[in-house]
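# Secondary and tertiary structure notes
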Amino acid sequence: MSALQEIKVPPLGESIVEATVAKWHKNAGDSVNADEILLDLETEKVALEVTAPAAGVLSRINMPQGSKVVVGDILGSIDITATVVVSPPIIKPAAAPAPAVQQKQASPQQTERVPMSRLRQTVAERLKHAQNTAAILTTFNEVDMNVINDLRSQHKVSFEKKHGVKLGFMSFFVKACIQALKEVPIVNAEIDGEDILYKNYYDIGVAVSTLQGLVVPVVRNADSLSFAEIEKCVADLGKKARDGKLTIADLTGGTFTISNGGIFGSLLSTPILNPPQSAILGMHKIQDRPVAINGRIEIRPMMYLAVSYDHRLIDGKDAVTFLTLIKECIENPARFLLDL
């Protein structure tokens, strides 16, 4: 007599009511171990792994790939008393080759239709909502990366040896943004109905591109972290994002976002707000360019910076002041190192 253990959709997180079955890692009839990963669920924010509640044989799959499910739905069942039956592999007969002329004609016509992931759908909806709701403007500046480059060159070996993480650019920009946010607090605020909600904490989102779409994990209490702690946190969150291991807590509550299109070669762009935040910084590719320094032309490593902001809340003066402060901090890092 068989005994069945149901596989149910687990809690998905606050405000998330639906998920999509992204992939089953087991087929009906396969043996499974307790806590072995059975399938992946994809929500509007993160991917979740569903594990086997008990050992046995996966006797039934109720929700195949692509199914929409909610918390408590029965995804399948495990027969905890069944004997494993190994089925021979199914060998499909090879399809007869089409005539060469037909193959050639059908090749400017080939298309592939793939369902949009829940994460991609949500990203699209949120970005379009931001464009439709906020009065988005962008202001630009450029920053001389020479001092930062020299600091990294001088200390990158000892920094990595001591802290076990590379000294990147992101920690400098996180520190610079926090300094600027403290001096221009309206940029760290958000609109809440007819009120302005000022945030006296600094949870900095770092945009990460994954195969599933753009996600923005958050570095918590970034103002209290050292350079090494920021670099470790960013590296850990980036790995979790690429591995699909981010949790709801990793993605919620940011007050300001930094996006680095420069890693893909972008020279200039206008980043879109990450609602309900009111501003976002766009970093770009570092490029050697001729600039005037004390009346002389020199070749310097320059980066264009962009701050997109919600003009309903942030005036142009505040946005320009904010971006100028970031530029000053990067070109003279003693400013935030000495809290000047």
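Notes on the structure in this doc start here.

So, how was this worked out
- Residues numbered from 1 in each chain as written.
- Predicted model: local features only at pLDDT ≥ 70, side-chain atom pairs only at ≥ 80, totals over all residues.
- Heavy atoms only, no water.
- Salt bridge = Lys/Arg side-chain N within 4 Å of Asp/Glu carboxyl O.
- Buried < 20%, exposed > 50% of the residue type's maximum accessible area, 1.4 Å probe, protein only.
- Helix = DSSP H or I, 4+ residues; strand = E, 2+ residues; numbered from the N terminus.
- Axes fitted to C-alpha atoms, helices over the stretch in contact; angles between N-to-C directions.
- Parallel < 35°, antiparallel > 145°, perpendicular 65-115°, else oblique.
- Left-handed = near helix turned anticlockwise from the far one by under 90°.
- Contact = heavy atoms within 4.5 Å.
- Nonpolar A, V, L, I, M, F, W, Y, C, P; charged D, E, K, R; others polar.
- Phe/Tyr/Trp six-rings, centres within 6.5 Å; stacked < 30°, edge-to-face > 60°.
- Lys NZ or Arg CZ within 6 Å of the ring centre and 35° of its normal.

### Focus: the pattern of salt bridges
Any two side chains of opposite charge can pair, on the condition that their charged atoms come close. Under the counting rule described, the total for this entry stands at twelve salt bridges. Residue Glu49 is joined to Lys245 by a salt bridge in which the shortest nitrogen-to-oxygen separation is 2.5 Å. Note on Glu49: relative accessible area 37%, which makes it partly exposed. Across the pair Asp144 and Arg300 runs a salt bridge whose closest N-O atoms are separated by 2.6 Å. In this pair, Asp144 sits in strand 9 (residues 136–144) while Arg300 sits in strand 19 (residues 296–310), placing the two residues 156 residues apart along the sequence. Looking at Asp144, the relative accessible area reads 10%, which means it is buried. The network of salt bridges with common partners includes Asp144, Glu298 and Arg300.

### Some words on the packing of helix 4 (residues 170–183) against helix 7 (residues 316–331)
Two numbers describe how helix 4 lies on helix 7: the axes approach to 9 Å, and their chain directions differ by 135°. In this view, helix 4 runs oblique relative to helix 7, as classed from their interaxial angle. The hand of the helix 4/helix 7 crossing is right-handed. Of the residues in helix 7, those in contact with Phe172, Phe173, Ala176, Cys177, Gln179, Ala180, Leu181 and Glu183 of helix 4 are Phe322, Leu325, Ile326, Cys329 and Ile330. Grouping the constituent residues of the contact of helix 4 with helix 7 by class yields eleven nonpolar, one polar and one charged.

### Describing the packing of aromatic side chains
How two aromatic rings sit relative to each other is given by the distance of their centres and the angle of their planes. Scanning the model with the defined rule gives two aromatic pairs in all. Seen in terms of ring centroids, Phe172 and Phe227 are 5.0 Å apart; in terms of plane orientation they differ by 65°. Their pairing is edge-to-face. Here Phe172 is found in helix 4, whereas its partner Phe227 is found in helix 5 (residues 227–242), with 55 residues between them in sequence. The lysine or arginine in question, Arg152, covers the ring of Phe169, its NZ or CZ lying 4.1 Å from the ring centre. Here the guanidinium or amino end of Arg289 rests over the ring plane of Tyr304, the centre of that ring lying 4.1 Å away.

### Section: unusual backbone geometry
Looking along the chain, the bond that leaves Pro275 and enters Pro276 is cis, with omega of 5°. One can find Pro276 in the loop between strand 16 (256–260) and strand 17 (279–283). Backbone geometry places Asp35, a non-glycine residue, at a positive phi of 70°. If you trace the backbone, Asp35 turns up in the loop between strand 3 (31–32) and strand 4 (37–42). At Asn221, a position not held by glycine, the phi torsion is positive, near 45°. Along the chain, Asn221 falls in the loop between strand 15 (218–219) and helix 5.

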